[in-house]
Amino acid sequence: MIGTLGSVVLDSRDPKALAAFYAEVLGGTITSEDDGSWVDLENEGRHNLSFQLAPDLIPTVWPDPERPQQFHLDIAVERAQMEAAEKRVLDLGAKLLEGDGDGARNWRVYADPEGHPFCLCAC
């Protein structure tokens, strides 16, 4: 082993706002440098998310191989809470990209307010 994962970093046009979105979804504490170009979402005992200023960010288009997702976050949710979790992330500004209309799949795909894809996954 060379090292340990310190944080997953997402580019953002507004790092503070995107950190606030994920703080509502995942919990944690937001810390920021004075200029707001780097913001951390710290989750004690779990992996952290960080957000760096990228004013020219071009969001992913789902699904479009010309502008692929590169990576995404899987957020585990209790199966019985999927509907409530979906309502909450949509209320926070997420956009549904691919649903589970027939209930056959255990996941749903969303875009966060800046267009990064993430999934709610039933556990």
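Here, the structure is the one placed above.
The following paragraphs examine the structure supplied in this document. Since this is a predicted model, take the numbers as computed values, not measurements.

Thresholds, definitions, all that
- Residues numbered from 1 in each chain as written.
- Predicted model: local features only at pLDDT ≥ 70, side-chain atom pairs only at ≥ 80, totals over all residues.
- Heavy atoms only, no water.
- Helix = DSSP H or I, 4+ residues; strand = E, 2+ residues; numbered from the N terminus.
- Rg over C-alpha atoms; globule rule 2.2 N^0.38 Å.
- Buried < 20%, exposed > 50% of the residue type's maximum accessible area, 1.4 Å probe, protein only.
- Contact = heavy atoms within 4.5 Å.
- Areas by Shrake-Rupley, 256 points an atom, 1.4 Å probe, with all protein chains shown as cover.
- Lys, Arg positive; Asp, Glu negative; His and termini not counted.
- Charge placed at Lys NZ, Arg CZ, Asp CG, Glu CD.
- Pairing = 2+ DSSP bridges.
- Axes fitted to C-alpha atoms, helices over the stretch in contact; angles between N-to-C directions.
- Phe/Tyr/Trp six-rings, centres within 6.5 Å; stacked < 30°, edge-to-face > 60°.

### Some details on the overall build of the protein chain
- The helix and strand tally for the protein chain stands at two helices and eight strands.
- Scanning the protein chain from its N terminus toward the C terminus, one meets helices and strands in the order β-α-β-β-β-β-α-β-β-β.
- Radius of gyration (C-alpha) of the protein chain: 15 Å, near the 14 Å computed for a compact globule of 123 residues.
- Out of the 123 residues in the protein chain, the part that is buried amounts to 33%.
- Partitioning the intrachain contacts of the protein chain with sequence separation of at least 6 by distance along the chain shows that 53% fall at a separation of at least 24.
- Accessible surface computed for the protein chain: about 7500 Å², of which carbon and sulfur atoms make up 51%.
- Separation between the mean location of the 10 positive side-chain charges and that of the 22 negative ones in the protein chain comes to 6 Å.

### Concerning the sheet that holds strand E8 (residues 117-122)
- Pairing within the open sheet is mixed, and its four strands lie in the order E5-E8-E7-E6. With one partner strand each, in any of the chains shown, strand E5 (73-77) and strand E6 (95-98) form the two edges of the open sheet. Adjacent strand axes in the sheet meet at a mean angle of 35°, parallel and antiparallel pairs treated alike.
- Those strands touched by helix H2 (residues 82-91) are E5, E6, strand E7 (107-111) and E8, and its axis lies near 160° from that of E8.

### What to know about the packing of aromatic side chains
- Taken as a whole and judged by the stated rule, the model has five aromatic pairs.
- Seen in terms of ring centroids, Phe21 and Tyr22 are 5.0 Å apart; in terms of plane orientation they differ by 90°. Their pairing is edge-to-face. Residues Phe21 and Tyr22 agree in their burial class; the two are buried.
- Through a chain of ring-to-ring contacts, the aromatic side chains of Phe21, Tyr22, Phe51, Tyr110 and Phe118 assemble into a single cluster.

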